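Listed below, chain by chain, are the residues.
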Amino acid sequence: MGRIHGPIGQSGARSACLGNSLHPFGQLRPVLVAKQVRRIYHKGKTARDQEAPMLEPTTLPGVQIITPRVFADNRGAFCETYNADTLAALGIDTVFVQDNQSWSHDAGTIRGLHFQTPPSAQAKLVRVLVGEIWDVAVDIRAGSPTYGQWTGVTLSAGNNRQLLIPAGFLHGFVTRVPDCLVAYKCSNVYAPACEGAVRFDDPDLAIDWGIPAADAVLSDKDAAAGSFADLKTPFTYEASA
Ligand SMILES: Cc1cn([C@H]2C[C@H](O)[C@@H](COP(=O)(O)OP(=O)(O)O[C@H]3O[C@@H](C)C(=O)[C@@H](O)[C@H]3O)O2)c(=O)[nH]c1=O
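Quick caveat, the model's predicted, so the values are computed rather than measured.

### Quick look at the site of the ligand
Residues in contact with the ligand, as listed here, are Q98, N100, R111, H114, Q122, K124, H171, G172, Y184, Y190, E195 and K221. Within the contact set of the ligand, an oxygen atom lies 2.9 Å away from a side-chain nitrogen or oxygen of R111. Between K221 and the ligand, the recorded distance is 2.8 Å, taken from a side-chain N or O atom to an oxygen atom. Surface burial for the ligand is 66%, taken as the share of its 660 Å² of free accessible area covered by protein chains. Among the secondary structure elements, those contributing two or more residues to the shell around the ligand are strand 5 (98-104), strand 6 (110-116) and strand 11 (169-175). Among the residues making up the shell around the ligand, the classes are represented as 2 nonpolar, 6 polar and 4 charged.

And the structure:
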């Protein structure tokens, strides 16, 4: 697979970073991070003049965008990235039990499309701490009116958006810039025996990743993932009353 190297993804910077065992999540370039943060919280104004957390639908019912309220002041800004009561008030009562974080050094890195089978199926709440990703969910609930359909949302350190992906969906993302730090909560703990995957460039799914498939930076596992046609989904759609 080809690699895309941005100014930060060059091999010199990367090896310096990987050689530093105190910083396994890498060279996050304080100046660049500071620039991103300032863009969000410019002069005491938030990117959105928003009084309350916001919930937005996507083209896949159940997959939702959550944008927390941001409080900006002369020091910088504050926001609650997760509050169970706030989400419950928005109708989201998912219990999260594991927090994950991944760092991808190159733009064009694709992680996915992944899921865990029951009884370890996972809902996920995804956000970006540094950088920008195109976050993708695919409905794999048998009998769903949107079975096999995908939705994509830009999540960035700049837009504060979080994507809620229920169990019963594949999840994956592509990094749009070098050095992306992604954090997500999961409603079930990691269970390697329950891991499943579908290849990111499956022709039946036809997901627009914004890059040529040949340029994607993949794990060996994702490069060998099976087709959507061969997926025996363990999920069934249950229409809400
Ligand atoms: C997902 C996961 C991986 N690992 C280990 C296994 C492996 O040695 C190493 C890297 O794992 P992976 O290659 O699966 O990492 P990655 O490709 O980033 O997998 C993740 O992709 C995104 C899109 C998701 O939705 C996640 O649920 C997860 O599947 O980390 C854990 O210890 N706990 C975990 O929860």
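### Section: the sheet that holds strand 9 (residues 150-156)
Sheets are built from strands paired through backbone hydrogen bonds, the pairs being either parallel or antiparallel. With antiparallel pairing, the 5 strands of this open sheet are ordered in space as 9-8-11-6-13. Looking along the sheet, the strands with just one partner apiece sit at the ends: strand 9 and strand 13 (195-197). The average undirected angle you get between the axes of adjacent strands in this sheet is 30°. With 7 bridges connecting them, strand 8 (residues 132-139) and strand 11 associate as antiparallel partners. Its bridge partner being in strand 11, V136 is matched across the sheet by G172.

### Comments concerning the UniProt feature "active site" (unreviewed entry) in the protein chain
Under the UniProt annotation, the feature "active site" (unreviewed entry) is placed at H114 and Y184. In three dimensions, the annotated residues from a span of 71 residues occupy one location, with a maximal C-alpha spread of 13.6 Å. Relative to the helices and strands, H114 is located in strand 6. In contact with H114, not counting residues within four places along its chain, are K124, F169, L170, H171, G196, A197 and D222. Reaching out from H114, the side chain makes a polar contact with the backbone nitrogen of G112 at a distance of 3.4 Å. By the secondary structure assignment, Y184 is in strand 12 (residues 180-186). The class of Y184 is buried, set by a relative accessible area of 18%. Beyond its immediate stretch of four places on either side in the chain, Y184 contacts Q98, D99, N100, L125 and V126.

### Observations concerning the sheet that holds strand 7 (residues 124-130)
Taken together, 6 strands build an open sheet; the order of strands is 1-2-10-7-12-5 and the sheet is antiparallel. At either margin of the open sheet sits one strand with a lone partner, and together these are strand 1 (54-57) and strand 5. Going across the sheet, the axis of each strand differs from the next one's by a mean of 25°, ignoring polarity.

### Thoughts on the pairing of strand 12
The element strand 12 is extensively covered by neighbouring structure, given that 7 of its 7 residues are classed as buried. By the bridge criterion, 7 bridges tie strand 5 to strand 12 in an arrangement that is antiparallel. Bridge pairing links S102 to V182 in strand 12. Pairing of strand 7 with strand 12, which is carried by 6 bridges, proceeds in the antiparallel orientation. The partner of V126 across the bridge, within strand 12, is Y184.

### Some points on the nonpolar core
Among the nonpolar cores identified, the biggest contains 20 residues, and L113, V138, I140, L170, L205 and W209 are the most heavily contacted of them. Elements with a minimum of two residues in this core: strand 6, strand 8 and strand 11. Ignoring sequence-local partners within four residues, the contact set of I140 consists of F115, Y147, G168, F169, L170, F228, L231, T233 and F235. Judged by nonpolar contacts, the second largest core, of 17 residues, contains V128, I133, F169 and C186.

Rules behind the numbers
Residues numbered from 1 in each chain as written. Predicted model: local features only at pLDDT ≥ 70, side-chain atom pairs only at ≥ 80, totals over all residues. Heavy atoms only, no water. Near = heavy atom within 4 Å. Polar contact = N/O pair within 3.5 Å; in protein donor to acceptor, adjacent residues only side chain to side chain. Areas by Shrake-Rupley, 256 points an atom, 1.4 Å probe, with all protein chains shown as cover. Helix = DSSP H or I, 4+ residues; strand = E, 2+ residues; numbered from the N terminus. Nonpolar A, V, L, I, M, F, W, Y, C, P; charged D, E, K, R; others polar. Pairing = 2+ DSSP bridges. Axes fitted to C-alpha atoms, helices over the stretch in contact; angles between N-to-C directions. UniProt positions renumbered as here; feature names shortened; annotations may be inferred. Contact = heavy atoms within 4.5 Å. Buried < 20%, exposed > 50% of the residue type's maximum accessible area, 1.4 Å probe, protein only. Core = buried A, V, L, I, M, F, W, Y, C linked by side-chain atoms within 4.5 Å.

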